[in-house]
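Coordinate inspection notes
For reference, the chains in residue letters:
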Amino acid sequence: MKKTECLAMLLAGGQGSRLGILTKHIAKPAVPYGGKYRIIDFPLSNCINSGIDTVGVLTQYQPLELNDYIGNGEAWDLDRRDGGVHVLSPYQQIKGTDWYKGTANAIYQNINFIDRYNPEYVAVLSGDHIYKMDYAKMLAYHKEKDAACTIAMLEVPWEEASRFGLMFVNNDGSISEFEEKPKKPRSNKASMGVYIFTWKKLRQYLIDDENNPNSGNDFGHDVIPAMHAAGERLFAYQFDGYWKDVGTIDSLWEANLDLLNPRVDLDLSDSAWKIYSKSAVAPPHFISDKAAVENSMISEGCDISGTVDYSVLFSNVTVEEGATVRYSIVMPCTTVKAGAVVEYAIIAENTVIETGAHVGNSPEEMKDHLEDWGIAVVGENITIGKNAAVCAKQMVDTDVKGEA
Amino acid sequence: MRASNVLGIIYASAYDEHISEMTSVRASGSIPFGGRYRLIDFPLSDMVDCGITAVGVSTKSNYRSLMDHLGSGKPWDLSRKNEGMTILPPFDLAGNGGANRTRLEALQGLMNYISHSKKEYILLADANVVANLNYEAIIDGHIKSGADITICYKHGVKPNLPNIMTFTLDGEKITKVLVNENDKAEKDYSLNILVLRKALLERLVNAATAAGATDFERDVIAANVDTLFLRGEKINDFACTIDSLKTYYEVSMKLVQGGYKELFKKDLPIYTKVRDNMPAIYGIGAKAANSLIADGCIIKGTVENSILFRGVYVAEGAVVRNSVVMQDSYISENSKLNCAVLDKNVVIKPNKKLSGADTCPLYIAKDSTV
């Protein structure tokens, strides 16, 4: 068997509770994004594009759809005889059953999986972010610095810095200090939740962390500070490029529409760094002579006769004549019927917006009470009745009755 | 009945020489069609959709692009430990002087593969027929009728190809078979989709070989019209035989004029090789109407009554009308296309004007720059 130099562990167990009804039945990494992708396609594609062909995906919350989606990893070219993708769920042991208590504990519980490959390095990745990154370059940096741990770092706008784990970095790239989501940030160098560890070191710290009853078993809170305190070589690896945590409805909406903004540095058409996904089996989309489509992303199987502007439509979406979709994300197999309006909204799969219904409001319309404005969200498999209305910021996961 | 007892055979080089513009670089089965498919995807997917698990793909020449497209058969779920898809290159018997010149020669070359199969029935189909048919119903109809051979036919003007059979029917029984009938009137003509028992096919082909016959249609089918129960299955669905660049263009235009709804059916999905393109992007100022547009296209100009394959770029001010533009072609600023068929990877430089006529489309070969 060939030697595995670097193995990736992908943390995909998160609920993403701030995404509300969109993550009722699926884990956050399985949330659809960008017309045909799911969030997890990004770290998985980054792995294969970076030459990492052994990946453990740690699942816990609502794993069914995610397991199903990953399958044998074929879509990402990760169906391998040696290595490939492995879905790792919590399991029963002789001493009892443990859920993954924290990010570090999740890796700890799978030490035996990693040991099977005996890698020199382990990349710990989050399954929640949209970004294209070459982990091979980061690994080269890690080796060059002879680091125990390298953390990918991004300079964020100062006003947003307080939402992140921040770092203070010396001139040589080494990290001098950490600060977790401070109220008054003194640094704007944020951790992206992408780590490369020298496995021998990490293995020992994971065991020590597990034996520490006071630990929360989290990388950011416990393991990395412990490594720092012990004087290990910790380095920051600067990343310049698009990176987005799609943890909230607003950020998910924004990240989708970012794909339509030529000023945003996220190009999915780059054949040198493809983002792979499981494609729907559908014919090309059809645009009728009644349609007006501008500044939008449209997937295969769609049938468009209405107006679509500044929106992202997933596969097999139907927009009937006289219907309007603008500033919105519409997930697979949803139908927007004649005369209906969908604006500033996210509509989940298999939903029907009946004739004349109105979902969402524009911020201009609500400029007198802008604090009440927000993206409207309609859940999967429901019907918004004829001429019914769903207001801005509303989240609907049951049928809304319309006129008979 | 799910057709698990049926072996599928697709003749992937059917009439290569007649669609010569596009088949100079490929077998007819790998002609791109419908925005993201190759012609072979249609019979191959229909076989899979009806439950067939063993398919032989017979080839003649220029089949590298076909092999590249089919790979191991995975997109059709035909990459199997047992059975699955098998590409059957030409089998040239020593001293034969060239292989697979006729359908009978092709079948003779396949007999080894066919006799190894344990299936009871055989379904034969040609790759140059664009249709999305429920083969399960066709096979069931064949078995129920007690016919020896069922042949699917369509009513209309016979394709302009050699060896096309035309039929006279009494109910569903074929009473007369003409080959190469010289008559432009509407006829019941063969779609070259046949169902029969494997044992019967073996017997017929072996007998024809022994008699030194050369022609399947004349020496095997027409010659047996009185001794066998030949049954016609009338196809009323969308089914078009591609016999030239002109019909290729006409059938493509039929799709955007509403035919896509007849051809692309939810219950009979057409599978094809995945390319991992992003969804299509429409820019500010893009105009599109009455068109089929595949993933990976970037549209900043105008597209009307056209089919754009995966990864086509239409720049600002460019206009594409009544055209078929294949994979990865690039239409630069302010260029105008009308009634054109652009093969893969064509680059149209800025401010060019290219136009064919609806009865005579302009064809631009693969990898050309205009």
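Residue numbers restart at each chain and count upward from 1, following the sequence in its written direction. Labels are handed out in written order, letters beginning with A for the chains and numbers beginning with 1 for the ligands. The model is predicted, so local features are restricted to residues of pLDDT at least 70 and side-chain atom pairs to those at 80 or more, both for listing and for counting; the totals for chains, interfaces and linings are taken over all residues. The basis for every side-chain value is the complete set of heavy atoms in the structure, and neither hydrogens nor water enter the calculation.

**A few points about the nonpolar core**
Nonpolar side chains tend toward joint burial in soluble globular proteins. Among the nonpolar cores identified, the biggest contains 82 residues, and A:Val55 and A:Met133 are the most heavily contacted of them. No other element matches helix 8 (residues 249–258) of chain A, which puts 5 residues into this core. Here a residue-residue contact requires only that any non-hydrogen atoms of the pair lie within 4.5 Å. Not counting residues within four places of it along the chain, the set of residues in contact with A:Met133 comprises A:Asn46, A:Ser50, A:Met138, A:Ala152, A:Met192, A:Val194, A:Tyr237, A:Phe239 and A:Trp273. What is meant by a nonpolar core is a set of buried Ala, Val, Leu, Ile, Met, Phe, Trp, Tyr and Cys residues, joined one to another through side-chain atoms within 4.5 Å. The cut-offs for exposure are 20% and 50% of the maximum accessible area for each residue type, with area from a 1.4 Å probe on protein chains only; residues under the lower value are buried, those over the upper are exposed, and the others partly exposed. Residues A:Ala291, A:Val319, A:Ala323 and B:Val320 belong to the second largest nonpolar core, which totals 50 residues. Every helix listed is a DSSP run of H or I at least four residues long, and every strand listed is a run of E at least two residues long, numbered separately from the N terminus.

**A few points about the sheet that holds strand 20 (residues 307–309) of chain A**
Pairing between strands is defined by DSSP: at least two bridges between them are needed. Strand order in the open sheet formed by 6 strands is 17-20-23-26-29-32 (chain A), with parallel pairing between adjacent strands. In this open sheet, the two edge strands, each paired with only one partner strand, are strand 17 (292–294) and strand 32 (389–390) of chain A.

**Here's the deal with the packing of helix 6 (residues 199–211) of chain A against helix 7 (residues 219–229) of chain A**
Residues and elements named next belong to chain A. In this analysis an axis means a line fitted to C-alpha atoms, helices contributing only their contacting stretch, and an angle means the value between N-to-C directions, from 0 to 180 degrees. Where helix 6 meets helix 7, the axes come as close as 10 Å, and the angle between the chain directions of the two elements is 115°. Both helix 6 and helix 7 take part in a crossing whose hand is right-handed. Across the interface between the two elements, Lys-201, Leu-202, Tyr-205, Leu-206 and Asp-209 from helix 6 touch Phe-219, Asp-222, Val-223, Ala-226 and Met-227 from helix 7. Classifying every residue of the contact of helix 6 with helix 7 by side-chain character gives 7 nonpolar, no polar and 3 charged. Left-handed describes a crossing whose near helix is turned anticlockwise from the far helix by less than a right angle; the clockwise case is right-handed. We call Asp, Glu, Lys and Arg charged. Ala, Val, Leu, Ile, Met, Phe, Trp, Tyr, Cys and Pro are nonpolar, and the rest, Gly among them, are polar.

**A closer look at helix 8 (residues 245–263) of chain B**
In this model helix 8 of chain B runs just 20 Å from its N-terminal to its C-terminal C-alpha over 19 residues, more than 12% under the 27 Å that 1.5 Å per residue would give. One axis is fitted to the seven residues ending at the residue and one to the seven starting there. The bend at that residue is the angle between these axes. Along its length, helix 8 of chain B reaches its greatest deviation from straightness, about 85°, at B:Gln257. One less than the number of residues in a helix, times 1.5 Å, gives the span that helix is expected to have.

**Quick notes on the domain arrangement of chain B**
All names here are of chain B. For every domain, the bounds stem from an assignment made automatically or drawn from a database. Each assigned domain of chain B is listed here: domain 1 (3–263) and domain 2 (281–364). Between the C-alpha centres of domain 1 and domain 2 the distance comes to 32 Å. Tallying the contact residues gives 19 residues for domain 1 and 23 residues for domain 2. Of the roughly 1700 Å² buried between domain 1 and domain 2, counting both surfaces, carbon and sulfur atoms make up 68%. When the area that domain 1 buries against domain 2 is broken down by residue, the three leading residues are Gly-35, Tyr-249 and Val-256, summing to 35%. The term buried area refers to how much accessible surface (probe radius 1.4 Å) is lost by two components on association, counted for both of them together.

**Section: the pattern of salt bridges**
A pairing counts as a salt bridge when a side-chain nitrogen of Lys or Arg comes within 4 Å of a carboxyl oxygen of Asp or Glu. Enumeration according to the criterion identifies 36 salt bridges over all chains in this entry. Across the salt bridge formed by A:Lys28 and A:Asp245, the nearest N and O atoms sit 3.2 Å from each other. Of this pair, A:Lys28 sits in the loop between strand 1 (6–11) and strand 2 (32–33) while A:Asp245 sits in strand 15 (residues 243–245); the two residues are 217 residues apart in sequence, bridging distant segments of the chain. Among the ionic pairs, B:Glu304 bridges to B:Arg321, the shortest N-O distance being 3.0 Å. Pair noted here: B:Glu304 is in strand 18 (residues 302–304) and B:Arg321 is in strand 21 (residues 319–321), with a separation of 17 residues, a long-range link. By relative accessible area, which is 27% here, B:Glu304 ends up partly exposed.

**Regarding the packing of helix 4 (residues 103–116) of chain B against helix 6 (residues 198–210) of chain B**
Residues and elements named next belong to chain B. The contact between helix 4 and helix 6 brings their axes to 10 Å, and the two run at 130°. Considered as vectors, helix 4 and helix 6 are oriented oblique to each other. Relative to helix 6, the crossing made by helix 4 is left-handed. Residues Leu-104, Leu-107, Gln-108, Met-111, Ile-114 and Ser-115 of helix 4 touch helix 6, and the partners they reach there are Lys-198, Leu-201, Glu-202, Val-205, Ala-208 and Thr-209. Of the residues assigned to the contact of helix 4 with helix 6, the class counts are 7 nonpolar, 3 polar and 2 charged. Angular relationships are summarised with four words: roughly parallel below 35 degrees, roughly antiparallel beyond 145, roughly perpendicular across 65 to 115, and oblique for the angles in between.

**Describing the pairing of strand 6 (residues 121–126) of chain B**
All names here are of chain B. For strand 6, the tally of buried residues reaches 6 of 6 residues, placing the bulk of the element in the interior. In strand 6, alternate side chains face the same way, and those of Tyr-121, Leu-123 and Ala-125 on one face and Ile-122, Leu-124 and Asp-126 on the other are all buried. Note that strand 1 (residues 6–11) and strand 6 share 6 bridges and pair parallel. Bridging from a neighbouring strand, Val-6 pairs with Tyr-121 of strand 6. Where strand 6 meets strand 11 (residues 186–197), 4 bridges bridge the pair, whose relative direction is antiparallel. Its bridge partner being in strand 11, Ile-122 is matched across the sheet by Leu-196.

**Concerning the interface of chain B and chain A**
Taken residue by residue, the interface counts 36 residues in chain B and 35 residues in chain A. Between chain B and chain A, a total of about 2700 Å² is buried, with carbon and sulfur atoms accounting for 54% of that surface. Area buried by chain B at its contact with chain A is led by B:Asp276, B:Pro279 and B:Tyr282, which between them contribute 24% of it. Remark: the boundary between chain B and chain A carries 2 salt bridges. A salt bridge links B:Asp295 to A:Lys36; its shortest N-O distance comes to 3.6 Å.

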